[in-house]
Amino acid sequence: MKNLAGQVALVTGGGSGIGLAISRSMVEAGMNVMLASRRSELLEEQVHELNALGPGVASAVSLDVRDKQQAAGAASATLERFGSLDVLVNNAGLGVQDRVIDCPEENWDLVLDTCTKGTFLMSQAVLPFMQEQRKGFILNIASQAAINGYANAAPYCAAKFAVLGFGLALQEEVKEFGIKVHSLCPGLVQVPTPKDAGQIKDGWLQTEDLAALAMFVIAQPGRVQLGNIGLWGV
């Protein structure tokens, strides 16, 4: 397993939930992390908390992953702050509860633009640097909705199916540069994290479960390529 201390990560949707849990594990492992989110007021609070943990360093940048210029700006801000960019976690996403027959077009666009277009734009933003340094890791947080269909969730299923296919295609394009692309496909995740174990829902994953798996995947030796991993609560 690789020693991740000193590596630099950019985590979208990093202000809460899964993104924050992954960022926390990274900082505890000695990685430097740029948290990115539209919720700029929340980011500063979380950065303060993470920097108190150490040994890694956290910073923050405001980001709407649907905007190409902001995506490029987040990558640039990470490089300016930490001097490198080794890992991108594409975690930003959302869903809507709509039947196809009456799903508003704007809801469809919102989900696809955030989950799928955002993953594309962020990956595109970091690739020039990763290809130049001939190493890097792009971790997409997909979903069980990327491999199963669910009623009242067609936009989300379509978006996550697309993320999975995008990641598989991107891996073929970048493997010659030593870059790895991997997608995690979790089932239901309990967010926010319950304050005590007695509040954990049966059959739901916890954010720290995703964080632990993300760290395991990222720390694999360069010679190892894992298949996309699905996980769910029991």
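Chains are numbered independently. Their residues run from 1 in the order of the written sequence. Only residues with pLDDT of at least 70 are given local features in this predicted model, and only at 80 or more are side-chain atom pairs given and counted; all residues enter the totals for whole chains, interfaces and linings. Excluded from the side-chain calculation are hydrogens and water; included are all heavy atoms of the structure.

(A) Main features of the pattern of salt bridges. Throughout this description, the term salt bridge denotes a Lys or Arg side-chain nitrogen within 4 Å of a carboxyl oxygen of Asp or Glu. Counting across every chain of the model gives four salt bridges. As a salt-bridge pair, R24 and E49 come within 2.8 Å of each other at their nearest N and O atoms. Separated by 25 residues along the polypeptide, R24 in helix α1 (residues 17-28) and E49 in helix α2 (residues 40-53) bring together distant segments of the chain. Given the relative accessible area of 25%, R24 is considered partly exposed. Where D86 meets K135, a salt bridge forms, and the shortest distance between an N and an O atom there is 2.8 Å. Here K135 lies in the loop between α4 (105-133) and β5 (136-141) and D86 lies in the loop between α3 (68-82) and β4 (87-90), a separation of 49 residues in the sequence. Burial classification: accessible surface area is computed with a 1.4 Å probe over protein chains only, and a residue below 20% of its type maximum counts as buried, one above 50% as exposed, and the rest as partly exposed. Overall, the relative accessible area of 6% leaves D86 in the buried class. Each helix is a run of H or I in the DSSP string that is no shorter than four residues. Each strand is a run of E no shorter than two, and both are numbered from the N terminus.

(B) View of the side chain of Q7. Following the sequence through the fold, Q7 ends up in the segment before β1 (8-12). Those residues in contact with Q7, other than ones at most four positions away along the chain, are M31, N32, D86 and V87. Residues are treated as being in contact if the distance between any of their heavy atoms lies within 4.5 Å.

(C) Examining the nonpolar core more closely. Membership of the largest hydrophobic core comes to 33 residues, with the highest contact counts inside it found for I22, M26, M31, V87, V89, L139 and L184. Listing elements by their share of this core, those giving two or more residues are β1, α1, β2 (32-37), α2, β4, β5 and α6 (207-218). Top element by residues in this core is α6. It accounts for seven residues. Beyond its immediate stretch of four places on either side in the chain, V87 contacts Q7, V8, A9, L10, M26, M31, M130, F137 and I218. As used here, the term nonpolar core means buried Ala, Val, Leu, Ile, Met, Phe, Trp, Tyr and Cys residues forming a set that is joined through side-chain atoms within 4.5 Å.

(D) Structural detail: the packing of α3 against α4. Here the axes come from fitting lines to C-alpha atoms, over the contacting stretch only for helices, and the angles between their N-to-C directions go from 0 to 180 degrees. It is at 8 Å that the axes of α3 and α4 come closest, and there the two elements cross at 40 degrees. Of the possible angle classes, the one that applies to α3 and α4 is oblique. Judged by the twist between their axes, the crossing of α3 over α4 is right-handed. Between α3 and α4, the residues in contact are K68, A71, A72, A74, A75 and L79 and L121, M122, Q124, A125, V126 and F129, respectively. Orientation labels follow simple angle bins: below 35 degrees gives roughly parallel, above 145 gives roughly antiparallel, 65 to 115 gives roughly perpendicular, and whatever is left gives oblique. Two helices crossing with the near one rotated counterclockwise from the far one by less than a right angle form a left-handed crossing, whereas a clockwise rotation gives a right-handed crossing.

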